[in-house]
Structure formats: structure tokens, C-alpha cells
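One-letter residues, chain by chain:
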Amino acid sequence: AALAGRILPAAGRKPKPGDMPKGMGMPPGLAGGPPWRQAIDKVFTEACSMNRGAPSVFCFPEKKALLNALQVEQFGIDMTGETYLMDVYVVVNQLLMWPPGWSLLIDVLDPKEPWTRPFCDKIIGSPWWQFVPVVRKSFITPRTTLVQLEKDAPHVAAGMTRWLEDIRKSGNAHTQKLIKEFKDNDAEDAKSQRCTARPMMRMMQQVHAKAVQHILGTACKGSKPAMAKFMQNDMNGLTVLHHVASLGDAAGAKAILKGLPKASRAEFIGRRDKAGYTAEDWAHLGDFNDTVEAIGSFLRKGESEGDTEGAPTPEAEPTAAPEPATHFRAAGADDDSATCGSDSAAAACSSSLLGHGGWRAPTNAGVPSAWLPPSEQPCALDAIEVSQFDIDVFLAHYMLHPRPLLVRGGARLPAELARNFTKSRLLELAAERKAELHRFPTEREFDGSKPQVKTLEEYVESLEQRAEEAASKKLHFMYSRLLPEESYLNFSAKLPPILDGKVDHIGSAFFLGGTLMGVPPHHKAPTASSLAFGRTLWFLEPPGREVVIHETAFQHLVRTGGTPSARRCLQEAGDLMFVPRGWTQSWICLGDCIGATHEFSHTNWDLRD
């Protein structure tokens, strides 16, 4: 979850340094200026005092003091001029960063205030303002329960608890229902060694949507410049409705559509982005059925249906979304990508010459058949050959519009590079490297467990001695994030050739394990997993089912009967598995497996909040 209490610009240009407040680690600006700026800075600083200097989004501005600070008549300031409106902009922007500040926006942008209508006309309606950051919030996506947070970060837990109580007292029946659902789910998660994200996110979206609806339907009602900006499409053709649909924000979708003139709603809902997707299509991609229903309700029965809160969510029929796999070239087409990204012939690629690399051969032994995909469909995802891969299709239809993709042969390397992943060559390069071995990546944070520490040579020897019949009892796994100064394993840090130089590389991790070892369900930034040798079994769930599991992947599979709701896919040596942002992913090794996972982003094609 985002825990930094800093301002993020919601505009096409950055405000001047003098426009930014200073309080609690924020950029300098308002402090030291005119008296009203000093008063605003004091309110913001005191808002975060309960956090004792630690970063947190749970800061609580005092409403009366803030509104008094904004009243500047005694200084002879024109409260409709752009100079003062930029101060209001800073206040609005900061309140959007703090969940406890969302409700204050209704007071700060009260139509009775002299600055509200000019703010809508001159700031929101200006060429540099962008509405997307207002609706596309970084809602807290918890990876630990409130119970655990009280132990690990008590100041954050205290702030969250205070905010929950505030919205419980001020919220309607639906908000109170969402709070209860979150608390009940949090208690159950604490018992089950997991953290389910949606209950918290739905609750936050409900509160945030009220601020959005106020801005659109009350504060800026009748402002043609503000409405024109609100109705614009972004560089990818997305409307604000596309953006909230991509987040599964049903409350936000209702708020936006209520803020539109009735005559404009059908056209706005039907808009397609540059790749041909409607907002409903985006909601279907994330398995957000409540969002699909919220959007569809405005088309079927008008505003009265859109006003319904807390009603059961029926399954909605998907619209005619594009079939992205058809945009790739035909299989078997002659293409340079089959050459491993080098000038060598395809026959010189990786495991085609190196066999299993000295590692144990892939095997499904010990894996219940119920966990495996059917033999006639080994991958329930879109899957292509590397010769079909096209970076433009990938960015538009898989990274921006989040879908997983298996690229067969996409992780092949020229033989001289692939040889580094063989057992003999790996021991030549990195035998003495220390490796921290975990049962699951979050075990230290979750229960204080200390990792086993071995040299890579000792770990490889332990894999060789590990009996298959006892594999489920020995699950300490090597998954090592590679720092920039990494020397032993730096050969694995480079992006696969089909992505190298075409996306923004964030970081890489090297992995090595044996049968039934792996990574339990989690979600993060876009990743590409390159399997050099072995076989892995993947389990993937769309964004509407985000979860983080704090136990081994094997234990989770046993407890859930193989996560029957997940989409399964077998990844073979040389294959690349792409998992988009927000998708929950998990995998286990079937036999020995070795490779690297790469996180990346893209300035234009990755929807970061």
C-alpha cells in the first residue's frame, strides 16, 4: 500500500515550487509565505502529528482550521484570481492524497465559497489540468491484515482504525456495511494466513466516490470548461470511466455517470479507447462484475438503477471485447525473433543444445492430477510462439489492457548465455555466493522466521540429495532479488531479447528450486518470468480476486484443493510468462527449475496509480 504522505501533481505541468506545502516531509512551499499559507501549512503539519514523523496516508486535517485559513478577505486577496486559486489547488491535491481528507473536499469546494466556481473554470478547465489522477487513486491494496499491521506498524494501524471509526459515524448504511465486511474479512484472513485486498478497496472507493461526485455534480455543475475537460479522452483514448472500470471501482463509475447530463451518458458509456475497448470491456478484464453491473444499470433503466447501493450483483454478459491474440502474426511466420535476439541461428538457442542443463528432468510426479491443466489444453491463457510476437500488439492488448500471455520460446537465449544457467556453469560462476532460502517470500515479515543461509554450492547439493517422496517437507527456496552491484548472478538480470530496450526495466530476481517449491499467490507490477530449464505450473487470478498468501505455495494448494478458481498454465524451458499488473500469480516447480523474473513498466502503456 502507498504509505507516503506526499503530493503527486494532477496536472499536465508541475506547479511551481512556491505552490507546494511543506508539512510533514512534503515539498517546501507554503511555509514561510503569506499568513494564510503559513496557516494552511500548520493545519497540514498537525494533521500528521499522530504518525510521529513516520510516513502514512492517514493524516487528519482539522476542518474548521483549514477553512478559516482559506478565508483571506482580510488580506485583500482576490479569491477568484489564478494566483490564489493555485493555493486552493495545492489544498485540493493534498486532500486527495489522504483518505481522511476526501470528505473535506466537499467543504473546501462548497459552491457557496467564492473560489469554487472560478476553481472549476480556471484550474480544472485549464489546459494543464488532468482529471484522471483525481479518479484513478492508489487505493490501499493491503498485503497484510490490520491485525498484523498493529504489530508491525502501530501508527499506521492507529490511523486506519481512527479513519474507519470516522467514516462509520458519518457514512450511510451501505458504507457501514462495507466497513463490517472489511473487518469480518480481516479477522478471517488473520486466521487463514492470507490478505484479501478487495474488501478494503471497495470501502475506500465508496468514500472516495462521494468526493468525485461532489466535484462533478455539485462544485463544478454548470462549468463548461470543467465538464469539457472531464469528457476528454487521454492519449490512449481512455475516458475517466475507462479508468475507474480498470480499477473495479463500481462506486466511482456510479459517481461519474451521475455527474454527467443524462443525455450524454449512453454516448460516454459506449466510447471505445484506441484499441477498441469500452469501459465495460475493461471491467470484464479484471473480473469486476459489480462494475459491469454499475455501468450497465445506467443504460438499462436509467438513473434510478444507478442510485441503487448494496444490491446483489448479478452476473453480467460481456460486451464484444477485442480478441487480442488474433492481432499477432500467424504461427510459423518467418521472423527474426526466432533467433534468440542475436545473429545466431535458432538451432543455437538455449536448451535445444543443452538438454536439461544438468538439472533433474521435469516431472509431474507427486502433483495431484486435480492441480494440473487438462492435457488437451496445457495453458488456459493466450499462448503464442515467439515468432508471432509483436511488441506493439503486446503493449496495447496485454500490458495496457491487462491479460497474461505465454510466449513459447520467448525466454530462449543464445547458447553461450543460456549455458550460465546449467548446473556446472552456475557452480563455476557462483558456488560461493550466499543464498537466503525462504519457505515463502514474506515469512520474515509475517511470522519472524529467519531464512536458511547457504552457499549456492551447498544449496545445489541439498537439491540433489532431496528425496522426491519427502519433497513436500523441504520447501526452502532460492528467490533472490538482484541488486545493481550483483556480480555472481548478473547474467540473469538482463531482460529477455523480445522485451529488452522496449520497456522500462525495474528489477530482476533469480530463482532456483526443486519439485513443489515455488511462490505462493501475490500481486505486483508487470512481470516476465523466464524459465531457463525445468517446468513450472502456474495459477493466475484476475485483479478482482487480489490476494497475498503467507504460507508455501504447496501448503496453499493442499489447503484449497488446488485453487480451483485459478487459470492454470504449464511453462516449459525457454518459455516466457507475462503477468500484468494486478493479476494474482503463483507457481510451483515440477522437477528442478531455474530462471529469472523481471519487473518492468512503460511510460505510455502501464496504468500506474
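Scroll up for the structure.
Residues numbered from 1 in each chain as written. Predicted model: local features only at pLDDT ≥ 70, side-chain atom pairs only at ≥ 80, totals over all residues. Heavy atoms only, no water.

1. Focus: a negative patch on the surface
Side chains of Glu 432, Glu 457, Glu 458 and Glu 461 sit close together on the surface and give a patch of like negative charge. Take Glu 458: it is sitting in helix 23 (residues 456-465). (Patch = residues over 30% accessible without salt bridge, like charges linked within 9 Å, V, L, I, M, F, W, Y side chains within 5 Å. Areas by Shrake-Rupley, 256 points an atom, 1.4 Å probe, with all protein chains shown as cover. Salt bridge = Lys/Arg side-chain N within 4 Å of Asp/Glu carboxyl O. Lys, Arg positive; Asp, Glu negative; His and termini not counted. Charge placed at Lys NZ, Arg CZ, Asp CG, Glu CD. Helix = DSSP H or I, 4+ residues; strand = E, 2+ residues; numbered from the N terminus.)

2. Side note on the state of the cysteines
For the structure shown, the criterion picks out four disulfides. In this model, Cys 48 is linked to Cys 59 through a disulfide, with the two sulfur atoms separated by 2.2 Å. Its torsion about the S-S bond being 110°, the disulfide of Cys 48 and Cys 59 is classed as right-handed. Placement of the pair is Cys 48 in the loop between helix 1 (35-47) and helix 2 (63-70) and Cys 59 in the loop between helix 1 and helix 2, with a sequence separation of eleven residues. Across the pair, exposure class does not vary: Cys 48 and Cys 59 are buried alike. Shown here is the disulfide that connects Cys 589 with Cys 593, its sulfur atoms set 1.8 Å apart. There is no split in this pair, since Cys 589 and Cys 593 are both buried. (Disulfide = S-S within 2.5 Å. Buried < 20%, exposed > 50% of the residue type's maximum accessible area, 1.4 Å probe, protein only.)

3. As for the sheet that holds strand 14 (residues 584-589)
Strands belonging to one sheet form pairs held by backbone hydrogen bonds; the direction of such a pair is parallel or antiparallel. Strand order in this open sheet of four strands is 8-14-10-12, and the pairing throughout is antiparallel. Two strands close off the open sheet at either side, each with one partner strand: strand 8 (518-522) and strand 12 (567-572). Adjacent strand axes in the sheet meet at a mean angle of 20° when their direction is disregarded. Inspection of the sheet shows strand 10 (residues 535-541) paired to strand 14 by six bridges, in the antiparallel sense. For Glu 541, the partnering residue across the bridge sits in strand 14 and is Thr 584. (Pairing = 2+ DSSP bridges. Axes fitted to C-alpha atoms, helices over the stretch in contact; angles between N-to-C directions.)

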